[in-house]
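Listed below are the residues making up each chain.
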Amino acid sequence: MKIRGIFCYTTAANNEEYRKILKKRNGWTAALIAVGVMIAAAALTAEQSGAAALPEYILGVYCGFGTGVAIAGIILFARNMLLLGNEEKLKKDRLENTDERLMEIGNRAVRTATKVVLLVGTATAMICGIYEPVLIKAAIFTLDVFLFAYVAAYAYHKQKI
């Protein structure tokens, strides 16, 4: 069984439409690479300048996270470029990403994962908030952003579809 990524699905009817979508995704992937590099660079800069009084472990987490995000972006970018250069692979990938059954499985998986993340994130913040009160504020802010984004996205897609 091949698992498709959350952002892989498409409604492209032909290779030319899919090619445009992949080029647009490459723009987002380039932004992802840039964000990863900036996160790693910020961690290294903070460590070198001594501006942040963070433990070495936390600086390593930031550096590793940024590097991982940048590497993942580079891999996705390279994959898309290989697809754009090979018409047969492009068609095969487009057909896999337009499978309605896989799209529904992906949608259900995202809904379930969203519920789990919201529940676990809230529980974690509530428990840890006893020891570090700022975590409650961060959790409430995150939940508010999620709810606002959901309402805005729902309204947008309701008009668009």
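Please read all numbers here as calculations on a predicted model, not as lab measurements. (Residues numbered from 1 in each chain as written. Predicted model: local features only at pLDDT ≥ 70, side-chain atom pairs only at ≥ 80, totals over all residues. Heavy atoms only, no water.)

Please set out the overall build of the protein chain residue by residue, giving values where relevant.
Helix and strand content of the protein chain: 5 helices and 0 strands. Starting at the N terminus and walking to the C terminus, you meet the elements of the protein chain as α-α-α-α-α. Scaling as 2.2 N^0.38, a compact globule of 161 residues should have a C-alpha radius of gyration of about 15 Å, whereas the protein chain reaches 20 Å, well beyond that. Its C-alpha atoms put the protein chain at 55 × 35 × 35 Å along the principal axes. Residues counted as buried form 20% of the 161 residues belonging to the protein chain. When contacts within the protein chain are restricted to residue pairs at least 6 apart in sequence, those whose partners lie at least 24 apart make up 65%. Carbon together with sulfur atoms contributes 71% to the accessible area of the protein chain, which is approximately 12,100 Å² in total. For the protein chain, the centre of its 19 positive side-chain charges and the centre of its 13 negative side-chain charges are spaced 6 Å apart. (Helix = DSSP H or I, 4+ residues; strand = E, 2+ residues; numbered from the N terminus. Rg over C-alpha atoms; globule rule 2.2 N^0.38 Å. Buried < 20%, exposed > 50% of the residue type's maximum accessible area, 1.4 Å probe, protein only. Contact = heavy atoms within 4.5 Å. Areas by Shrake-Rupley, 256 points an atom, 1.4 Å probe, with all protein chains shown as cover. Lys, Arg positive; Asp, Glu negative; His and termini not counted. Charge placed at Lys NZ, Arg CZ, Asp CG, Glu CD.)

How would you sum up the packing of aromatic side chains? Please name residues and give values.
Note on aromatic pairs: each is described by the distance of the centres and the angle between the planes. All chains considered together, the criterion is met by 1 aromatic pair. Seen in terms of ring centroids, Tyr-150 and Tyr-154 are 6.1 Å apart; in terms of plane orientation they differ by 35 degrees. Their pairing is tilted. Here Tyr-150 pairs with Tyr-154, and both are found in helix H5 (residues 134-160), just 4 residues apart, close to one helical turn. (Phe/Tyr/Trp six-rings, centres within 6.5 Å; stacked < 30°, edge-to-face > 60°.)

Any details on helix H4 (residues 100-129)? Residues and values, ideally.
Relative to the 44 Å expected for 30 residues at 1.5 Å per residue, H4 spans 42 Å between its end C-alpha atoms, a close match to the ideal helical length. Inspection of H4 places Met-103, Gly-106, Ala-125 and Gly-129 among the buried residues, and these make up the whole buried set. Contacts from the buried residues of H4 go to helix H3 (87-97) and H5. (Expected span 1.5 Å × (residues − 1).)

Explain the pattern of salt bridges residue by residue, including any values.
The tally for this structure, following the rule as stated, stands at 5 salt bridges. Across the salt bridge formed by Glu-87 and Arg-19, the nearest N and O atoms sit 2.8 Å from each other. Here Glu-87, found in helix H3, pairs with Arg-19, found in helix H1 (residues 15-49); they are 68 residues apart in sequence, far enough to count as distant. Taken together, the shared-partner salt bridges in this structure form one network comprising Glu-16, Arg-19 and Glu-87. (Salt bridge = Lys/Arg side-chain N within 4 Å of Asp/Glu carboxyl O.)

Describe in detail H3, supporting the description with residues and values.
For H3, the full list of buried residues reads Leu-90, Asp-93, Arg-94 and Asn-97. All buried residues of H3 lie within an arc of 100 degrees about the axis, which places them on one face of the element. Set apart from the buried face of H3 by more than 90 degrees, the exposed residues are Glu-88 and Lys-92. Elements that come into contact with the buried residues of H3 comprise H1, helix H2 (56-84) and H4. For H3, the N-terminal cap is Asn-86; the gap from its side-chain oxygen to the backbone nitrogen of Glu-88 is 3.0 Å. (Arc of directions from axis to C-beta. Polar contact = N/O pair within 3.5 Å; in protein donor to acceptor, adjacent residues only side chain to side chain.)

An account of the nonpolar core is requested, with residue identities and associated values reported.
Ala-12, Tyr-18, Leu-22, Leu-83, Leu-84 and Leu-90 form the largest nonpolar core, which has 6 residues in total. For Tyr-18, the residues in contact, after removing those within four places along its chain, are Thr-10, Ala-12, Arg-25, Leu-90, Asp-93, Arg-94 and Asn-97. (Core = buried A, V, L, I, M, F, W, Y, C linked by side-chain atoms within 4.5 Å.)

With reference to specific residues and values, describe the side chain of Arg-94.
Among the structural elements, Arg-94 can be located in helix H3. Within the buried set, Arg-94 has no salt-bridge partner at all; the shortest N-O distance to an opposite charge, 7.6 Å, is to Glu-87. Of note is the side chain of Arg-94, whose polar atom sits 2.8 Å from the side chain of Asn-15. Ignoring anything within four residues of it in the chain, the contact list for Arg-94 reads Thr-10, Ala-12, Ala-13, Asn-14, Asn-15 and Tyr-18.

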